[in-house]
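# Tertiary structure, described
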Amino acid sequence: MSAGGQVHAIVVGGSMGGLIAGLVLRDVGCDVTVLERSRVTLEGRGAGIVLHPSTIRYLTHEGLYAPQQIGAPARKLRYLRRDGSVASEQPCSYRFISYFWLYEALLTQFGRDRYHLGHELAGFEQDADGVTVHLTEGGSRRCDLLVCADGIHSTARGLLLPQVSPSYAGYVGWRGTVSEAQLTGASFGALHEAITYHLLRRGHILAYPIPDFDGSVSPARWRRTRHPTLEPGHRLTNWVWYRNVTEGPELDDLLTDSSGVRRSVSVAPGAMQEHHVKELREVAARDLPPSLAEMLTKTAEPFVQVVFDIEVPRMAFGRVCLIGDAAFALRPHAAAGTAKAAEDAWKLAEALEACSLDVERALMRWEPGQLALGRSALGRTRDAGNRVQMEGTWRDGEPLPFGLYETGDSALLTPYSR
Ligand SMILES: Cc1cc2nc3c(=O)[nH]c(=O)nc-3n(C[C@H](O)[C@H](O)[C@H](O)COP(=O)(O)OP(=O)(O)OC[C@H]3O[C@@H](n4cnc5c(N)ncnc54)[C@H](O)[C@@H]3O)c2cc1C
């Protein structure tokens with residue numbers, strides 16, 4: 001701690017968990033720096049995110065935005081049969097956002113002065129007074145608190161818990177977005193107001209609307225207006241198709257990008273090998289309901305993310321902690337990964353405040369609740385994933401397992417508005 005009593009915190013990883021940690025720690029009085037490995041801002045990453053109150057808490061709690069200003073709504077949960085007819089329909093109140101918008105909005109709040117791209121954690125050591133962080137590019141920095149939000153293949157977790165490694169769930173998520181304006185009237189009509197599911201024999205696909213940048217799809221204008229476009233017909237349709245892929249040569253080839261590099265977590269849009277995209281489109285045309293098949297075949301650059309389970313026995317280590325996917329990576333079926341990363345950050349800030357910024361005491365106070373949350377959320381998502389992908393026991397019309405602490409807590413109870 002500095003002479004003035006301020007806690008110097010370094011947050012490693014500048015995605016959702018890292019940015020929210022940066023914001024909330026700064027708000028409780030820490031002097032925060034965020035170090036992100038990527039040399040460029042993370043705009044191109046991810047696609048849609050199902051909103052949870054925790055995910056947008058930073059943006060809503062001080063009245064910066066209301067959920068209905070930033071999240072595209074679904075008022076129906078609909079399961080489709082192969083022929084496109086409705087197998088089941090029920091009301092729901094989920095809202096969806098794009099990774100890009102959320103990242104930009106959080107980064108705008110944090111500012112770029114203390115957000116350093118091209119800074120990669122290589123290692124660290126701690127002593128009684130603080131932590132020394134070593135960077136791959138050379139050099140080191142000193143802090144009182146090190147928050148590691150460095151994702152599924154966390155360097156920090158590898159150093160702290162070398163026995164823990166990601167465990168492949170047996171399937172991947174193919175993902176993509178297509179402009180609603182590109183869909184025929186029939187497909188737009190079938191998809192635009194719902195979160196739509198279709199169950200396959202061992203797999204499933206889902207689709208929901210997300211805001212476009214601002215409707216003109218001009219990032220420059222978006223940066224001026226700061227509001228996403230929610231008007232039906234001017235948004236994107238986001239989809240995820242979970243497909244089982246055997247570990248070994250089949251998975252290796254899928255994750256080898258068009259330049260020949262074997263990726264570990266995801267292959268970026270535009271970098272998939274063409275024969276995989278061709279196969280996906282062929283199977284879509286053959287096996288999916290017409291609206292979902294059209295959506296998928298019109299998607300320019302589908303991409304893949306691998307589904308992993310990660311579970312840690314500890315999250316706090318003196319003055320160092322793991323948050324978000326670096327600690328527990330959840331299967332996506334609860335749509336709660338970002339929400340959990342955010343919750344880890346919020347609870348950390350609350351613990352620091354309750355312990356008058358005594359870092360070690362705060363981390364001890366914080367850890368049990370976050371371990372319990374990670375374990376229960378992972379258990380629920382693992383069960384859902386196994387049922388829908390491996391056992392084939394998920395039925396048309398089953399409520400979605402969306403939720404962080406429990407199924408159902410992702411519903412945003414604001415009135416549906418257009
Ligand atoms: C198919 C799929 C669908 C999903 N859908 C949803 C959803 O609907 N809702 C939801 O809430 N979540 C969803 N998720 C989960 C969500 O994407 C993650 O849980 C969330 O991004 C975790 O955030 P994080 O900040 O912990 O990690 P990440 O987003 O992985 O960020 C880690 C950051 O750390 C950086 N980094 C890594 N190593 C270093 C280093 N050594 N030094 C410095 N920086 C480093 C990386 O570059 C990266 O920017 C989904 C996931 C998948 C796979």
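We now turn to the structure provided with this report. (Residues numbered from 1 in each chain as written. Predicted model: local features only at pLDDT ≥ 70, side-chain atom pairs only at ≥ 80, totals over all residues.)

## Quick word on the overall build of the protein chain
Helices and strands together make up the secondary structure of the protein chain, namely twelve helices and 18 strands. In summary, the protein chain has a C-alpha radius of gyration of 21 Å against a globular reference of 22 Å for 418 residues, a match within 12%. Each principal axis of the C-alpha atoms in the protein chain carries an extent, and together these give about 70 × 50 × 35 Å. Every one of the 418 residues in the protein chain was classed for burial, and the buried ones make up 48%. Partitioning the contacts of the protein chain with sequence separation of at least 6, the portion at a separation of at least 24 is 71%. (Helix = DSSP H or I, 4+ residues; strand = E, 2+ residues; numbered from the N terminus. Rg over C-alpha atoms; globule rule 2.2 N^0.38 Å. Buried ≥ 20, exposed ≤ 12 C-beta atoms within 10 Å, placed from the backbone. Contact = placed C-beta atoms within 7 Å.)

## A word on the sheet that holds strand β14 (residues 236-244)
The nine strands lie next to each other as β3-β5-β4-β12-β13-β14-β11-β16-β15, forming an open sheet whose pairing is mixed. With one partner strand each, in any of the chains shown, β3 (48-50) and β15 (266-267) form the two edges of the open sheet. Sitting on the sheet, helix α4 (residues 99-110) is in contact with β3 and β5 (86-98), with an inclination near 30 degrees to β5. (Pairing = 2+ DSSP bridges. Axes fitted to C-alpha atoms, helices over the stretch in contact; angles between N-to-C directions.)

## Some points on the site of the ligand
Within the structure, the ligand sits among 38 residues, and G13, G17, G151, G324 and G337 are positioned closest to it. The leading source of residues in the shell around the ligand is helix α11 (residues 337-354), at four residues. For the shell around the ligand, a count of residues per class yields 17 nonpolar, 15 polar and six charged. When residues of the shell around the ligand are sorted by domain, at least three fall in each of domain 1 (8-45 + 109-166 + 311-391) and domain 2 (48-101 + 168-308). (Near = placed C-beta within 6 Å. Nonpolar A, V, L, I, M, F, W, Y, C, P; charged D, E, K, R; others polar. Domains from an automatic or database assignment.)

## A look at the nonpolar core
Ranked by size, the top nonpolar core spans 125 residues in total, and within it I20, L146, C148 and I323 carry the most contacts. In terms of domain composition, this core takes at least three residues from each of domain 1 (8-45 + 109-166 + 311-391) and domain 2 (48-101 + 168-308). Sequence-distant contacts of I20, that is, excluding residues within four places in its chain, are made with Y58, L106, A341, A342 and A345. (Core = buried A, V, L, I, M, F, W, Y, C linked by C-beta atoms within 7 Å.)

## Re the sheet that holds strand β7 (residues 121-126)
Strands pair in a sheet through their backbones, by hydrogen bonds, and they do so in one of two ways: parallel or antiparallel. One open sheet accounts for three strands, arranged β7-β8-β9; its pairing is antiparallel. What marks the edges here is a single partner per strand, and that holds for β7 and β9 (140-143). Strand-to-strand, the axes of this sheet are offset by a mean angle of 20 degrees, without reference to chain direction. For strand β8 (residues 131-135) and β9, the ladder comprises four bridges, and the chain directions are antiparallel. Its bridge partner lying in β9, V131 is registered against C143.

## Structural notes on helix α12 (residues 359-391)
Compared with the 48 Å implied by 1.5 Å per residue over 33 residues, the 45 Å span of α12 between its first and last C-alpha is a close match. Approximately 30 degrees is the largest bend angle found in α12, and it occurs at E367, with the proline P368 only one to four residues beyond. Among the residues trailing α12, G392 stands out with phi positive, at a value near 65 degrees. (Expected span 1.5 Å × (residues − 1). Bend = angle between axes of the 7 residues up to and from the residue.)

## Things to note about the packing of α11 against α12
Look at α11 against α12: their axes get within 8 Å of each other, and the N-to-C directions meet at 160 degrees. In terms of their interaxial angle, α11 and α12 are classed as roughly antiparallel. Considering the relative orientation of α11 and α12, their crossing is right-handed. The segment α11 lies against α12, with K340, E343, D344, K347, L348, A351, L352 and A354 engaging A362, R365, W366, G369, Q370, L373, G374 and A377. (Parallel < 35°, antiparallel > 145°, perpendicular 65-115°, else oblique. Left-handed = near helix turned anticlockwise from the far one by under 90°.)

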